[in-house]
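If you want the building blocks of each chain, they are given just below.
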Amino acid sequence: MTDDFTRSQTFDIPAGYNELPWHRGFGRQVGPLFEKRDETGLTRAFRVEEHHTNGMMNAHGGMLMTFADMAWGGAVEKDDDTWWVTIRLMCDFLSGATLGSFVEGKGEVVGVADDVITVEGRIWTGDKLLMRGTGIFKLIARRDGAEKPFTRPGKDA
């Protein structure tokens, strides 16, 4: 892993968002990621940095799908310790996000069958819809000895 990512990252984020302190593994590679929780539910976000881009300096489709997985999967979280895995992710790419864009996403639960949850989601920047789709997620039990994927300030020490 490299620390070069942090040299260009900006942390200019809209009010209400907090950085997800996910600083190891895959989250470190695709971050920084942000979230806000309000009366409309959980919204996750990221600012398109150079390491998120394709050759045209737009957010890479793989980054948008990775982000969709995290943003839409967040709709199944009951609390900070809900664990889930993705069964299926279907995405329709509608537009691109340029370098520097603040990209937001959220999902809405539309079906539940035991521990399998179907979510409809969307990803946008400003008033431009970038992606829409469906995710199917399975709730799983936390494994003994497994660390939480990240900790939120003031929630975990």
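Everything below is about the structure printed above this text.
To keep things clear, this report deals only with the structure shown in the data block. Not measured: the values here are computed from a predicted model.

Criteria and cut-off values
- Residues numbered from 1 in each chain as written.
- Predicted model: local features only at pLDDT ≥ 70, side-chain atom pairs only at ≥ 80, totals over all residues.
- Heavy atoms only, no water.
- Pairing = 2+ DSSP bridges.
- Helix = DSSP H or I, 4+ residues; strand = E, 2+ residues; numbered from the N terminus.
- Contact = heavy atoms within 4.5 Å.
- Axes fitted to C-alpha atoms, helices over the stretch in contact; angles between N-to-C directions.
- Phe/Tyr/Trp six-rings, centres within 6.5 Å; stacked < 30°, edge-to-face > 60°.
- Buried < 20%, exposed > 50% of the residue type's maximum accessible area, 1.4 Å probe, protein only.
- Expected span 1.5 Å × (residues − 1).
- Polar contact = N/O pair within 3.5 Å; in protein donor to acceptor, adjacent residues only side chain to side chain.
- Salt bridge = Lys/Arg side-chain N within 4 Å of Asp/Glu carboxyl O.

Topic: the sheet that holds strand β6 (residues 116–125)
If you walk across this open sheet you meet the 7 strands as β1-β2-β3-β5-β6-β7-β4, and the pairing is antiparallel. Since the sheet does not close on itself, it has two edges, and those belong to β1 (18–19) and β4 (83–93), each with one partner. In this structure, strand β3 (residues 41–47) lies alongside strand β5 (residues 102–113), joined through 4 bridges in antiparallel fashion. Bridging from a neighbouring strand, Arg44 pairs with Gly105 of β5. Docked against the sheet, helix α3 (residues 61–73) engages β3, β4, β5, β6 and β7 (128–140), running at close to 130 degrees with respect to β4.

Focus: the packing of aromatic side chains
Throughout the structure, instances matching the rule amount to 4 aromatic pairs. Residues Tyr17 and Phe102 carry aromatic rings whose centres are separated by 5.3 Å and whose planes lie at 80 degrees to one another, so their mutual orientation is edge-to-face. Here Phe102 lies in strand β5 and Tyr17 lies in the loop between α1 (5–8) and β1, a separation of 85 residues in the sequence. On the accessibility criterion, Phe102 (9% relative accessible area) is buried. Connected via pairs of aromatic rings, a cluster forms that spans Tyr17, Phe34 and Phe102.

With respect to α3
Taking 1.5 Å of rise per residue, 13 residues should cover 18 Å, and α3 covers 18 Å from first to last C-alpha, within 8% of that figure. Within α3 the residues assigned to the buried category are Met63, Leu64, Thr66, Phe67, Ala68, Met70, Ala71, Trp72 and Gly73. Those residues of α3 hidden inside the fold are in contact with α2 (25–30), β3, β4, β5, β6 and β7.

Considerations on the environment of Leu64
Along the chain, Leu64 turns up in helix α3. The exposure class assigned to Leu64 is buried, which follows from its relative accessible area of 3%. Counting along the chain gives 59 residues from Leu64 to Ile123, while the straight-line C-alpha distance between them is 8.1 Å. Once residues within four sequence positions are removed from consideration, Leu64 is found in contact with Phe46, Ala59, Phe93, Val103, Ile123, Leu130 and Met131.

With respect to the side chain of Thr66
Looking at the secondary structure, you find Thr66 in helix α3. Of note is the side chain of Thr66, whose polar atom sits 2.9 Å from the backbone oxygen of Gly62. In contact with Thr66, not counting residues within four places along its chain, are Phe26 and Val30.

With respect to the pattern of salt bridges
Within the structure shown, the criterion is met by 6 salt bridges. Ionic pairing is found between Glu35 and Arg44, a salt bridge with its closest N-O pair at 3.0 Å. Residue Glu35 is classed as buried on the basis of its relative accessible area of 6%. Residues Lys138 and Asp115 are paired through a salt bridge, measuring 2.7 Å at the closest nitrogen-oxygen approach. On the criterion of sequence distance, the pair formed by Lys138 in strand β7 and Asp115 in the loop between β5 and β6 is long-range, its members being 23 residues apart. Among the charged side chains, a network of salt bridges with common partners joins Glu35, Arg37, Arg44 and Glu77.

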